[in-house]
Structure formats: C-alpha cells, structure tokens
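Observations on the three-dimensional arrangement
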Amino acid sequence: MDTVLWVVIPCYNEEEVLPMTAGLFREELRKLIQAGKISPDSRILYVNDGSKDRTWEIIEELATQDSCFLGICQSRNRGHQNAVLAGLMEAKEYADITISIDCDGQDDIAAMERMVDAYHEGCEVVYGVRSSRKSDTVFKRATARGFYRFLNRMGAEVVYDHADYRLVSRRVLEAFADYREVNLFLRGMFPLVGFKSTCVPYERHERMAGESHYPLSKMLLLAIDGITSTSIRPLHLIGWIGAIVSILGFAGIIWAIVVHFLGNAIAGWASLLCISCFLGGIQLISIGVLGEYVGKVYMETKARPRYIISERTYVPEGGKELPPKKSPPASCSEEEK
Ligand code: UDP
Ligand code: MG
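What this report covers is the structure whose coordinates are included nearby. Computed from a prediction, not measured in an experiment: that's the story for all the values here.

What the chain contains, in helices and strands, is 11 helices and 8 strands. Dimensions of the chain, computed from the C-alpha atoms along their principal axes, are close to 100 × 40 × 35 Å. Within the span of the chain, comprising 337 residues, buried residues form 45% of the whole. If you take every contact in the chain between residues at least 6 apart in sequence, the share linking residues at least 24 apart comes to 83%. Entry remark: accessible area of the chain is about 17,200 Å², with carbon and sulfur atoms responsible for 61%. Positive and negative side-chain charges in the chain, numbering 38 and 43 respectively, have mean positions lying 5 Å apart.

Set out below in structure tokens:
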C-alpha cells in the first residue's frame, strides 16, 4: 500500500511520558505497515512545543536511533492547537494522511487502524470519539459534557466527545491551509472544511505519566476561545437579550406612569435596586462579550505567524528553510525487510 501516514504528536514538557509511548506508536506503525494498510515510508512526527525540560533532546535521540521518528521544534511554547497545526502543515508536504494524537497515551493508539480503514473506505476526515469516560472523575465527566453541549448551543460545530485525535487526508489539509485565522480551535474548524467524514469510538485511558496541562481554568478559556473563534451567535444573543430587556423596560415605564397618575406611587427602592443591578450586570456581560470579539479582531488583523519552526531533525524538502542539520531520513522500508 502506498498511502503514506504521518502521525503528528504535540509535546510540551513530556520527558516522563515520551519514552514510554514512543515504542507504542512505533509498534502501531509497524503493524499497519505489515498489514499493508500504509506505506513503509510512513513517519511519526513529534512537535516540541517549546518545552523547558528534556523533551527535545529525547525527540532528537529517537530520531537518530530510528529513522521513522522525526521531530520539529517550535521556537517557543505556543499552545497545543498551534503545535498540532505546525505538525499538520509540515506533514501535508509529505504524507497522504495524517493522524494527530496526544503523546501521553490517553488516546487509544490501537484505534489508528480503524481510522486508516475508514480512510480506505472513502472517508477523508475520521474523528476519534471517546466511547466512555471511565477514567475521568465525575466532575471532569460532567464539565466535559457541559462543554460540548454549550459549544454546540453557541454555534461552534463540534463533534461530541471528539478532542484532537483525528485522521485527515492531504486533500482536506490543503483546503484547511486556506483557513488563515490566528485564533485556532481545530476541532471546531475541521467540520467547517467538509469532505466525507466519520467517527471512530475509542476508550480514553489515564495519562501514562506526567501531568495534564489542561486544568478547569484552561478548559474554560478553551471553551470561550472555541465559541468566539468559530461563531458569532453570542453577539446575536446579546442583541436578543437587549431587545427583551428593552420591551420589559418599556412595560415598566408604562406601569410607572399608570401608578403615578393613580396617585399611589410609593418609593420602592428594592425594585429599583434590583432593576439597576440586573441591567448593570447584563450591560457588563454584553460589553465583555463584545470585548472578546474585538480582541479576536485585533489579533487577526495583526496576522502574526501561527507557528515558527526553529529546528528539525531532518532536512525539509527542497532545503529551503534551514541549513541541513542531519542527513535526510532513510526510507523505513529498508528497516522493515
Ligand atoms: N501540549 C502542547 N502544548 C501545550 C500544552 C499541551 O503541545 O502548551 C500537548 C501535550 O504535550 C499533550 C497534548 O498537548 O501531548 C494534550 O495535553 P494534556 O495531555 O496536558 O491535556 P489533557 O489530555 O489533560 O486535556
Ligand atoms: Mg492528555
């Protein structure tokens, strides 16, 4: 089979877990090559997202030991979404299909085979969807469910319980490359690109080592980012709230005039206080929502680069960007024989 697969794995301060999962990824790739489902030229691409620990050194070691491992290094930490994008855009130049997956072993590596099968059946985007959340706490389960419901209600088109474990074909990536926004929310952007897609369920495990970089506060920020990057429904919503409050306010004015002319107007400080607090709250929230969008517009107009690759463990095709560092990766096929 000549379908070249590149597995894209973002890593940030993962020195503990990297050596544990590298063998698992390699083994899965070997299995797929042996089954004839992918080409022997397939690769595992690590994206070091400006780690402060030994992550990059480990990636370099892996790349020198086994030509199937490749690595690129971001010039600084830019966050998970930018790291995945950097990897996908790099892989697009060489691969027919890419699979993005976290490096901590939480996502079932064995599901890759079903993803590749779905691709061979004609799907160009295959979303990995968590079939159960047994390993999550009750709190994490509830907040995650709320997260997806809220995102969809607010107009961000996301696949339920899909994070960033997905297979994408080169054709989709080429179309995706034209989505030039700086505020990235990949799981909400891929459904917008279209093409035939399907879901592959998989069991989500515990992290094999190290700690999560996504506590509740960061999840909330991601949710806000996700909504405001992919939808303007909140702006419509505050318009509607404004309209409803105005109608209520108008009714209140008529009521006050009637009470005044009936002659029994009592100074009701409680009702006044409640109304002004309510209106003040709504106004501040609305300004906040507007501010969120103005901030996004500000960042988009700057159009800064979404990632900067400072190092590679290989020479990029055409050698256009960086001076050669190491000899280009030899084909895996020799090794497989
Ligand atoms: N990650 C990254 N840059 C960051 C934070 C995280 O590349 O700034 C990577 C991290 O190494 C991991 C993946 O993104 O491979 C998901 O992160 P994590 O496991 O901490 O998130 P969780 O699974 O707990 O939501
Ligand atoms: Mg994780």
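Glu14, Asp49, Asp104, Ser212 and His213 are the nearest of the 18 residues found near ligand 1. Between ligand 1 and the protein, one listed contact pairs an oxygen atom with a side-chain N or O atom of Glu14 at 2.6 Å. Contact distances for ligand 1 include 2.5 Å between an oxygen atom and a backbone N or O atom of His213. Of all elements in the fold, only β1 (5-11) and α3 (80-91) reach the threshold of two or more residues within the shell around ligand 1. By residue class, the composition of the shell around ligand 1 is 6 nonpolar, 6 polar and 6 charged.

Right, let's talk about the nonpolar core for a bit. Core analysis: the largest hydrophobic core is formed by 38 residues, its most contacted members being Ile9, Tyr46 and Met112. With 6 residues, helix α1 (residues 18-34) is the single largest residue contributor to this core. Residues in contact with Tyr46, not counting those within four places in the same chain, are Ile9, Cys11, Leu18, Ala22, Phe25, Ile59, Leu62, Phe69, Leu70, Gly71 and Ile72. Listed in part, the 31 residues of the second largest apolar core include Leu70, Val84, Met189 and Val193.

Moving on: the packing of aromatic side chains. In total, this model carries 8 aromatic pairs according to the counting rule given. Note on Trp6 and Tyr94: the rings are 4.8 Å apart at their centroids and 0 degrees apart in plane angle, and the pair reads as stacked. Of the two residues, Trp6 sits in strand β1 while Tyr94 sits in the loop between α3 and β4 (97-100), which places them 88 residues apart along the sequence. Since its relative accessible area comes to 4%, Trp6 is described here as buried. Relative to Tyr314, the ring of Trp6 lies with its centre 6.4 Å away and its plane at 85 degrees, an arrangement referred to as edge-to-face. Pair noted here: Trp6 is in strand β1 and Tyr314 is in the loop between β8 (309-312) and α11 (332-336), with a separation of 308 residues, a long-range link. Every member of this aromatic cluster is reached through a ring pair, and the members are Trp6, Tyr94 and Tyr314.

The next thing to look at is the packing of α3 against helix α7 (residues 186-193). With their axes 11 Å apart at the nearest point, α3 and α7 run at an angle of 45 degrees to one another. Accordingly, the angle class assigned to the pair α3 and α7 is oblique. Residues Gln81, Val84, Leu85 and Leu88 of α3 form the contact with α7, whose participating residues are Leu186, Arg187 and Phe190. Looking at the contact of α3 with α7, its residues break down into 5 nonpolar, 1 polar and 1 charged.

A few words now on the pattern of salt bridges. The final tally for this structure, using the stated rule, is 15 salt bridges. Asp107 is the salt-bridge partner of Arg204, the closest N and O atoms lying 2.9 Å from each other. With a gap of 97 residues between them, Arg204 in the loop between β7 (197-203) and α8 (216-230) and Asp107 in the loop between β4 and α4 (111-120) connect regions that are remote in the sequence. Under the relative-accessibility criterion, Arg204 is labelled buried at 12%. Lys296 is the partner of Glu292 in a salt bridge, and the nearest nitrogen-oxygen pair spans 3.7 Å. Taken together, the residues Glu292 and Lys296, both in helix α10 (residues 269-302) and 4 residues apart, mark about one turn of the helix. Here Glu292 falls in the partly exposed class, since its relative accessible area comes to 32%. Accessibility expressed as a relative area gives 8% for Lys296, which makes it buried.

Quick notes on the rules
- Residue numbering note: each chain is counted from 1, following its sequence as written.
- Chain letters start at A and ligand numbers start at 1, both assigned in the order the entries are written.
- Local features in this predicted model are restricted to residues of pLDDT 70 or higher, and side-chain atom pairs are both shown and tallied only at a pLDDT of 80 or more, whereas totals for entire chains, interfaces and linings draw on every residue.
- For the side-chain quantities, the full set of heavy atoms in the structure was used; hydrogens and water were omitted.
- For helices the rule is a DSSP run of H or I covering at least 4 residues; for strands it is a run of E covering at least 2, with both sets numbered from the N terminus onward.
- Relative accessibility under 20% of the residue-type maximum defines a buried residue, over 50% an exposed one, and the middle range a partly exposed one, all with a 1.4 Å probe and only protein chains included.
- Note on contacts: a residue pair qualifies if any of its non-hydrogen atoms lie within 4.5 Å across the two residues.
- Each accessible area is a Shrake-Rupley result for a 1.4 Å probe, and residues are judged covered by the shown protein chains and nothing else.
- For the purpose of counting charges, residues Lys and Arg are taken to be positive, whereas Asp and Glu are taken to be negative. His and the chain ends are not included.
- To locate a charge, take NZ of a lysine, CZ of an arginine, CG of an aspartate or CD of a glutamate.
- Here a residue counts as near a molecule or strand whenever at least one of its heavy atoms sits within 4 Å of it.
- Counted as a polar contact is a pair of N or O atoms within 3.5 Å, where, for protein atoms, one must be capable of donating a hydrogen and the other of accepting one, and residues adjacent in sequence contribute only when both atoms are in side chains.
- Note on residue classes: Ala, Val, Leu, Ile, Met, Phe, Trp, Tyr, Cys and Pro are nonpolar, Asp, Glu, Lys and Arg are charged, and everything else, Gly too, is polar.
- Buried Ala, Val, Leu, Ile, Met, Phe, Trp, Tyr and Cys residues form a nonpolar core when they are joined through side-chain atoms within 4.5 Å.
- Working definition: a ring pair exists when centres of Phe, Tyr or Trp rings (six-membered ring for Trp) sit within 6.5 Å. Plane angles under 30 degrees give stacked, over 60 give edge-to-face, the rest tilted.
- The axes used here are C-alpha line fits, helices contributing only the stretch in contact, and every angle between their N-to-C directions lies in the interval 0 to 180 degrees.
- An angle below 35 degrees is read as roughly parallel, one above 145 as roughly antiparallel, one from 65 to 115 as roughly perpendicular, and any other as oblique.
- Salt bridges are defined as contacts in which a side-chain nitrogen from Lys or Arg sits within 4 Å of a carboxyl oxygen from Asp or Glu.

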